[in-house]
Amino acid sequence: MAGAAETVALAVLAVALTSSGMAQQIEQVTPPSSHGEGPHWDCGQNMLFYVDISGQKLNRYDPATKDLKTVHFDGPVSPVVPVLGTLDQLVVGVGADLVLVTVDWGALGTEPHVNQTITLLASVDRDKPDNRFNDGKADRRGRLWIGTMGPEPVVGQVTLGRGSLFRFEAANSSVRGSERMDVQKVLSPVDISNGLAWNDIETLMYYIDTPTGRIDVFDFDPDKGTVSNGRPAFDFRANNVTGSPDGMTMDADGNLWVACFDGSQVIKVDPVAGRLLQQVPIPASRVTSVAFGGRDLSTLYVTTMNKGLSEEQLRAQPAAGSVFAVTGLGTTGQRPGGRKAVVRR
């Protein structure tokens, strides 16, 4: 790995009044990257973590200072989840390996080499060497839920039926001095395992397999970490939503905010009624994921992608690939914010 840091200038791209009269503002807060994904807000540090999958980068953005620090890996990176009780450890997917990374953030500067440590926690899909991890999150117990997908030689042309959704739970003991995770395959096969969210009391889990064009909901047992009784919650086609469902998060009111890949928008959905409530335009067509952050969890951070766009599209979307901050939405994220991973018991 190598590290780098830079300071990002804010660019206000759009200001609009919502139906409630609130000023809704969209700002570009990071430079463009190839494939921004997996935003995760750390309430303890007031930092936003996100990845550049094809750029093989883990990023940490500080909204207070506008400072952006980057760690490079040898392989596609996704997702990233901070570890409970630490300031310098994160669980990161690299290819189809799940690793524990310890980062000396203070040492990250312009030097190409910094001291970082990586511990392998688990590997999946060994029989499918071209697979990689995609989206993932932790539940309130610190269990990790991460999905895989098949190869994508051209953006939008994924080998279907190759993915799965896995649950990772801290093992009771270490093996050869390394932390390990117990792995359980939860759903298989899936096409592109993507967005995850839970209701506030974690009796329901929402899940996206992108090519289905819908959000599904499962009954969730928070004690056992099991899902059952899957059924549709919201269908993009039935509601005439442009784009495909990608990453998502839930707000404090129980509504889902969903990134629309190739749709230039984020939508707000009532998953109980299966109703579209709001559409937020984003100045990039390939919107990949969302997470609430900020000290009061009222800022919606939106990741985007510019990989695969034509020269004409890039001229029309100069900020594509950036992280955007949307404010004035009139809601907040679930507290306490982004859930963290537990990697040892």
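Residues numbered from 1 in each chain as written. Predicted model: local features only at pLDDT ≥ 70, side-chain atom pairs only at ≥ 80, totals over all residues. Heavy atoms only, no water.

An unreviewed UniProt entry annotates the protein chain as Regucalcin originating from Thrips palmi. The record held by UniProt for the protein chain lists under Catalytic activity (unreviewed entry) the comment "D-glucono-1,5-lactone + H2O = D-gluconate + H(+)". The UniProt entry for the protein chain carries this comment under Sequence similarities (unreviewed entry): "Belongs to the SMP-30/CGR1 family." (UniProt positions renumbered as here; feature names shortened; annotations may be inferred.)

Details of the overall build of the protein chain
Of regular secondary structure, the protein chain possesses one helix and 26 strands. Taken over 345 residues, the protein chain has a buried fraction of 58%. A fraction of 51% describes how many contacts in the protein chain between residues 6 or more apart in sequence connect residues 24 or more apart. Roughly 14,000 Å² of accessible area belongs to the protein chain as shown, and the carbon and sulfur atoms make up 48% of that amount. (Helix = DSSP H or I, 4+ residues; strand = E, 2+ residues; numbered from the N terminus. Buried < 20%, exposed > 50% of the residue type's maximum accessible area, 1.4 Å probe, protein only. Contact = heavy atoms within 4.5 Å. Areas by Shrake-Rupley, 256 points an atom, 1.4 Å probe, with all protein chains shown as cover.)

Comments concerning the side chain of N59
Within the secondary structure, N59 sits in strand 6 (residues 57–62). Engagement of the side chain of N59 in a polar contact is seen with the side chain of T70, the distance being 2.8 Å. Not counting residues within four places of it along the chain, the set of residues in contact with N59 comprises L48, F49, Y50, V51, D52, L68, K69 and T70. (Polar contact = N/O pair within 3.5 Å; in protein donor to acceptor, adjacent residues only side chain to side chain.)

Considering the pattern of salt bridges
A complete count under the given rule lists nine salt bridges for this structure. Note that R143 and D139 form a salt bridge whose closest N and O atoms lie 2.7 Å from each other. Across the pair E202 and R339 runs a salt bridge, and its minimum N-O distance is 3.0 Å. Remark: R339 occurs in the segment after strand 26 (323–327) and E202 occurs in the loop between strand 16 (193–198) and strand 17 (204–209); sequence separation between them is 137 residues. (Salt bridge = Lys/Arg side-chain N within 4 Å of Asp/Glu carboxyl O.)

Some remarks on the sheet that holds strand 17
For sheets, the rule is that strands pair by backbone hydrogen bonds, running either parallel or antiparallel. If you walk across this open sheet you meet the four strands as 16-17-18-19, and the pairing is antiparallel. Looking at the sheet topology across the chains shown, the edges are occupied by strand 16 and strand 19 (226–235). Here the average twist between neighbouring strands, direction ignored, is 25°. Where strand 16 lies against strand 17, four bridges are found, and the strand directions are antiparallel. Considered in strand 17, the bridge of A197 is made with Y206. (Pairing = 2+ DSSP bridges. Axes fitted to C-alpha atoms, helices over the stretch in contact; angles between N-to-C directions.)

Some words on the UniProt feature "active site" (unreviewed entry) in the protein chain
Residues given the UniProt feature "active site" (unreviewed entry) here are D246. Using a relative accessible area of 7% as the deciding quantity, one classes D246 as buried. D246 has contacts with E37, N194, G195, I208, T210, V258, A259, F261, V287 and T288, leaving out every residue within four places of it along the chain. Side-chain polar atoms of D246 contact the side chain of N194, separated by 3.2 Å.

Here's the deal with the sheet that holds strand 14 (residues 163–170)
The sheet built from four strands is open, its strands ordered 12-13-14-15 with antiparallel pairing. Each having just a single partner strand, strand 12 (132–138) and strand 15 (181–190) make up the two edges of the open sheet. On average, adjacent strands in this sheet sit at an angle of 20° to one another, irrespective of strand direction. Pairing of strand 13 (residues 144–149) with strand 14, which is carried by four bridges, proceeds in the antiparallel orientation. Its bridge partner being in strand 14, I146 is matched across the sheet by F166.

Description of the packing of aromatic side chains
Under the criterion given, the structure shown has nine aromatic pairs. Ring centres 5.9 Å apart and planes at 10° place the aromatic pair W41 and Y301 in the stacked group. Linking W41 in strand 4 (residues 36–42) with Y301 in strand 25 (residues 299–305), this pair joins segments that are 260 residues apart in sequence. Under the relative-accessibility criterion, W41 is labelled buried at 3%. Three or more aromatic residues joined by ring pairs form one cluster here, namely F133, F166 and F168. (Phe/Tyr/Trp six-rings, centres within 6.5 Å; stacked < 30°, edge-to-face > 60°.)

Looking at unusual backbone geometry
Excluding glycine, residues mostly carry a negative phi; peptide bonds, for their part, are mostly trans. Residues S188 and P189 are joined by a peptide bond in cis, for which omega reads -5°. Locating P189 in the fold gives a position in strand 15. Cis rather than trans, the peptide bond between R335 and P336 has omega equal to 10°. Relative to the assigned elements, P336 resides in the segment after strand 26. For N240, which is not glycine, the phi torsion reads 55° and is therefore positive.

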